[in-house]
Amino acid sequence: MKPFAFFPGCLIPVRYPAMEFAIRQTLPKLGIEIVDLEGASCCPDPIYFKSKDKVAWLSVAARNLTLAEDLGLDVFTNCSGCTATLSEAYHLLKNDELREKVNRRLKKIGRKYKGTSRVRHVATLVRDEAGYDAVRESVVRPLDGMKMAIHYGCHLLKPSKIMNVDDPNNPEVLEKMVEAIGATPVRHRNWYLCCGKACQHEAIPLNMMHALLGTVKDVEAEILCLICPTCFSQFDHGQMKVAKHFNDDYHIPPVYYFQLLAYAQGIPYDKLGFDRQRFKPESLQRFATSSAQVEN
Amino acid sequence: MTKARKPNNDDVVKVDFDFRRQLAKKVEGNLASFCYQCGACVGDCPAATYSDEFNPREIMLKVLYGLGEELLVENSVLWQCTNCYNCAERCPQDVKPVEVIISLKNMLADLNIYPPTVEKIIGTFEKTGRTTPLSPAVDRQRERFGLPPMKPVPMDEISKLLEPASDEEDDAE
Ligand code: SF4
Ligand code: SF4
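The subject of this paragraph is the domain arrangement of chain B. You can read the domains of chain B as domain 1 (17–110) and domain 2 (116–162). Measuring from the centre of the C-alpha atoms in domain 1 of chain B to the corresponding centre in domain 2 of chain B gives 31 Å.

Next comes the structure, spelled out in structure tokens:
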């Protein structure tokens, strides 16, 4: 098993522990060993705290990265926001002047940023380190015939020069991940839109989500598969708001990819926290009778 | 919203170079200088698509003209940006309008102007080192999934990082 430092951030461990549980269950089955980072803080978030002071934001991000450097490990995140902050910090701190500035602050707490720990989102890590075939082989009950729309969100892929993950205009990584659990990815017309969470304006996210959910409904997807807890909150809690505002009914359960993988790997539906969602992916249960379910 | 003023004989724009200098001191705040106003950043901008008030090219133009007083205000249009980075993908000049916008927000913060929700989340982070508040219910939920309780963040370290080092160049020189 290859070890990687796990940076869980805030939103998943605090508000969506089922997602953390799914990651801890699924990665070891793909040959990835999870090493916890002691003393990590918020990444800090790329929307709010970054808006206050980019240098302080970079300094705290650099401190988080030094925790992984101490262990000599690369880092993976489970949230697109953390991915954005830590990847950007890793990129910006290649600049000598900025790194020196940040290191002057880190010196106050006896730390030094070196830039030796690379950062990846867990989806990218799985693609690069395990591969789609390993995902396919880990599945004991493929979600055959289940139509899934994908919401890439923004920070897995963009800015593409920093993320270097996939073509942001025509990505395939999540389609391949969905195929690897046996489901059928369906591309909806508004697949490239953002969730709108960062926008401090009432109408923009509402209109955007309305447009997006409409096209997901058009392609008759059973689930909206995503890889970010912020996008998840927008499409779960936020979906109720949009439905009310536009007097429309989509009923599209958003599901974090690694919970789907955990289910496909045999973890029972009841153990995956779906009861906490406003829109529950009940259609998954048609695979429950599969003899392959493992007791966990 | 007032459009960026264009120079003509009666109304010659005086560029506020001080505003531009302050902006250039922010990380990647100087990138707007490379903007040649092509508008490539606008087409895929979701905020521009769903709001008539927001246009990244226009914000870059205001920066070039030094019209800080139109951007650094309460309820600034800057907060309509969704941080999606489409503009940065499209810009042929590597301007990264989104980063210029965040640098402008850093200037708003220097003036102590924030939307209330933003200020609240920043406050939670500065107090606890996390943006999502903890509570006993959080640990109970975690326990249900066999996960250990959340650990406190070493705030002594974080607080020190939020302040400039004694030998750090003064940004507001
Ligand atoms: S795409 Fe770049 S150069 Fe063109 S208007 Fe936008 S910021 Fe300016
Ligand atoms: S990041 Fe750029 S493209 Fe996205 S909303 Fe902001 S200005 Fe528009």
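Here the focus is unusual backbone geometry. Here the amide bond leading from A:Cys43 into A:Pro44 is cis, since omega sits at -5 degrees, within 30 degrees of zero. With respect to the helices, strands and loops of the structure, A:Pro44 is situated in the loop between β2 (32–36) and α3 (49–52). Between A:Lys158 and A:Pro159 the backbone carries a cis peptide bond, its omega angle lying at 0 degrees. Among the secondary structure elements, A:Pro159 is positioned in the loop between β5 (147–151) and α9 (160–163). With phi around 75 degrees, B:Tyr85 is a residue other than glycine that occupies positive phi space. Among the secondary structure elements, B:Tyr85 is positioned in the loop between α4 (68–71) and α5 (86–90). Judged by relative accessible area, which is 4%, B:Tyr85 ranks as buried.

With 14 residues, helix α6 (residues 97–110) of chain B should reach 20 Å at 1.5 Å per residue; the first-to-last C-alpha distance of 20 Å fits that figure. Of the residues trailing α6(B), B:Asn112 is marked for its positive phi of about 65 degrees.

All names here are of chain B. Surveying the vicinity of ligand 2 reveals 14 residues, the closest of which are Cys45, Cys81, Thr82, Cys84 and Cys87. The set of elements that each furnish at least two residues to the shell around ligand 2 consists of α2 (46–50), α5 and α6. For the shell around ligand 2, the residue count by class is 11 nonpolar, three polar and no charged.

With that settled, the discussion passes to the site of ligand 1. Every one of the 14 residues lining ligand 1 counts as a neighbour, but B:Cys35, B:Cys38, B:Gly39, B:Cys41 and B:Cys91 are closest to it. Of the residues belonging to the shell around ligand 1, the class tally is 10 nonpolar, three polar and one charged.

Each pair of packed helices gets described by two things: the angle between the helix axes and the distance between those axes. All names here are of chain A. Contact geometry of helix α2 (residues 17–26) with helix α13 (residues 257–264) gives a least axis separation of 8 Å together with a crossing angle of 50 degrees. Classed by the angle they form, the pair α2 and α13 counts as oblique. Every pair of crossing elements has a handedness; the one defined by α2 and α13 is left-handed. Where α2 abuts α13, its residues Ala18, Met19, Ala22, Ile23 and Thr26 lie against Phe258, Gln259, Leu261 and Ala262. Residue composition of the contact of α2 with α13, grouped by class: seven nonpolar, two polar and no charged.

Turning next to the sheet that holds strand β7 (residues 223–226) of chain A. All names here are of chain A. Spatial ordering of the open sheet is given by β6-β5-β7-β8, a layout of four strands whose pairing is parallel. With one partner strand each, in any of the chains shown, β6 (184–186) and β8 (254–256) form the two edges of the open sheet. When the angles between neighbouring strand axes are averaged without regard to direction, this sheet yields 45 degrees. Pairing analysis gives three bridges linking β5 to β6, with the strands arranged parallel. Bridge assignment links Lys147 to a residue of β6, and that residue is Thr184.

Okay, the interface of chain A and chain B next. When the parts come together, some accessible area is lost, and that loss is often what is quoted as the size of the interface. In this complex, chain A contributes 66 residues to the contact, which on the side of chain B involves 58 residues. The junction of chain A with chain B conceals about 5,500 Å² of combined surface from both sides, 59% of it contributed by carbon and sulfur atoms. In terms of surface lost to chain B, no three residues of chain A exceed A:Val14, A:Lys52 and A:Lys54, which account for 12% of the buried area on that side. Where chain A packs against chain B, one counts 11 salt bridges.

Calculation notes
Residues numbered from 1 in each chain as written. Chains lettered and ligands numbered in written order. Predicted model: local features only at pLDDT ≥ 70, side-chain atom pairs only at ≥ 80, totals over all residues. Heavy atoms only, no water. Domains from an automatic or database assignment. Helix = DSSP H or I, 4+ residues; strand = E, 2+ residues; numbered from the N terminus. Buried < 20%, exposed > 50% of the residue type's maximum accessible area, 1.4 Å probe, protein only. Expected span 1.5 Å × (residues − 1). Near = heavy atom within 4 Å. Nonpolar A, V, L, I, M, F, W, Y, C, P; charged D, E, K, R; others polar. Axes fitted to C-alpha atoms, helices over the stretch in contact; angles between N-to-C directions. Parallel < 35°, antiparallel > 145°, perpendicular 65-115°, else oblique. Left-handed = near helix turned anticlockwise from the far one by under 90°. Contact = heavy atoms within 4.5 Å. Pairing = 2+ DSSP bridges. Buried area = accessible area lost by both parts, 1.4 Å probe. Salt bridge = Lys/Arg side-chain N within 4 Å of Asp/Glu carboxyl O.

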